[in-house]
Amino acid sequence: MFINLSTIERVKNFVHEISSVQADVELMDGRNIVDPKSIMGIFALNLCENIELRVRRGDIEGAMAVAKKYN
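Quick summary incoming for the structure in this document. Numbers given to residues run from 1 along each chain, matching the order in which its sequence is written. In view of the model being predicted, local features appear only for residues whose pLDDT reaches at least 70, and side-chain atom pairs are presented and counted only at 80 or more, with totals across whole chains, interfaces and linings using the full set of residues. As a rule here, side-chain values cover all heavy atoms of the structure and leave hydrogens and water aside.

1. Considering the overall build of the protein chain
Put simply, DSSP H or I for four residues or longer makes a helix, DSSP E for two residues or longer makes a strand, and each gets a number counted from the N terminus. Scanning the protein chain for helices and strands turns up three helices and four strands. Walking the protein chain from its N terminus toward its C terminus, one meets helices and strands in the order β-α-β-β-α-β-α. Overall, the C-alpha framework of the protein chain stretches about 25 × 25 × 20 Å when taken along its three principal axes. Here the protein chain holds 71 residues, and 37% of them are scored as buried. Only protein chains enter the area calculation, which uses a 1.4 Å probe; residues under 20% of their type maximum are buried, those over 50% are exposed, and those in between are partly exposed.

2. Observations concerning the sheet that holds strand β3 (residues 33-34)
Backbone hydrogen bonds are what pair the strands of a sheet, in a parallel or an antiparallel way. Two strands qualify as a pair provided that DSSP identifies no fewer than 2 bridges between them. Pairing is antiparallel across the open sheet formed by four strands, whose spatial order is β1-β4-β2-β3. Every other strand in the sheet has two partners, leaving β1 (2-3) and β3 as the edge strands with one partner each. Pairing of strand β2 (residues 23-28) with β3 involves two bridges; the strand directions are antiparallel. Its bridge partner being in β3, Leu 27 is matched across the sheet by Val 34.

3. What to know about the packing of aromatic side chains
Put simply, two rings from Phe, Tyr or Trp (the six-membered ring, in Trp's case) pair if the centres are within 6.5 Å, and we call them stacked under 30 degrees between planes, edge-to-face over 60, tilted for the rest. Enumeration over the complete set of coordinates arrives at one aromatic pair. Judged by centre distance (5.4 Å) and plane angle (80°), the ring pair of Phe 14 and Tyr 70 falls under edge-to-face. Residue Phe 14 is located in helix α1 (residues 8-19), and its partner Tyr 70 is located in the segment after α3 (60-69); the two are separated by 56 residues in the primary sequence. Note on Tyr 70: relative accessible area 6%, which makes it buried.

4. Considering the pattern of salt bridges
Whenever a carboxyl oxygen of Asp or Glu lies within 4 Å of a side-chain nitrogen of Lys or Arg, that contact is scored as a salt bridge. All told, the structure shown has six salt bridges when counted by the stated rule. Glu 52 serves as the salt-bridge partner of Arg 54, at 3.2 Å between the closest nitrogen and oxygen. Residue Arg 54 is classed as partly exposed on the basis of its relative accessible area of 28%. Residues participating in the shared-partner salt-bridge network are Glu 26, Glu 52, Arg 54 and Arg 56.

5. Details of the pairing of β2
Within β2, five of the six residues are buried, which leaves the element mostly enclosed by the surrounding structure. By the bridge criterion, six bridges tie β2 to strand β4 (residues 51-58) in an arrangement that is antiparallel. Across the sheet, Leu 27 pairs through a bridge with Leu 53, a residue of β4. In textbook terms, the turn of a hairpin is the stretch between consecutive antiparallel strands, and for β2 and β3 this stretch comprises four residues, one of which, Gly 30, has a positive phi near 105°.

Following this line, the structure appears as structure tokens:
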């Protein structure tokens, strides 16, 4: 699923919400893959465009519920 984290406030809120989900997840901007539970990792991505959230295993429904808020 693609999400939009175009503001600092959205990044902070997203990290807080996704950190409470028990899932193995990653964010990808086409070149870089980072841990979405790391605010510093997210700021290494190109946040001017939508970024892809991938759920590898765990609470897929919980991760998707968080992602939908940032779609």
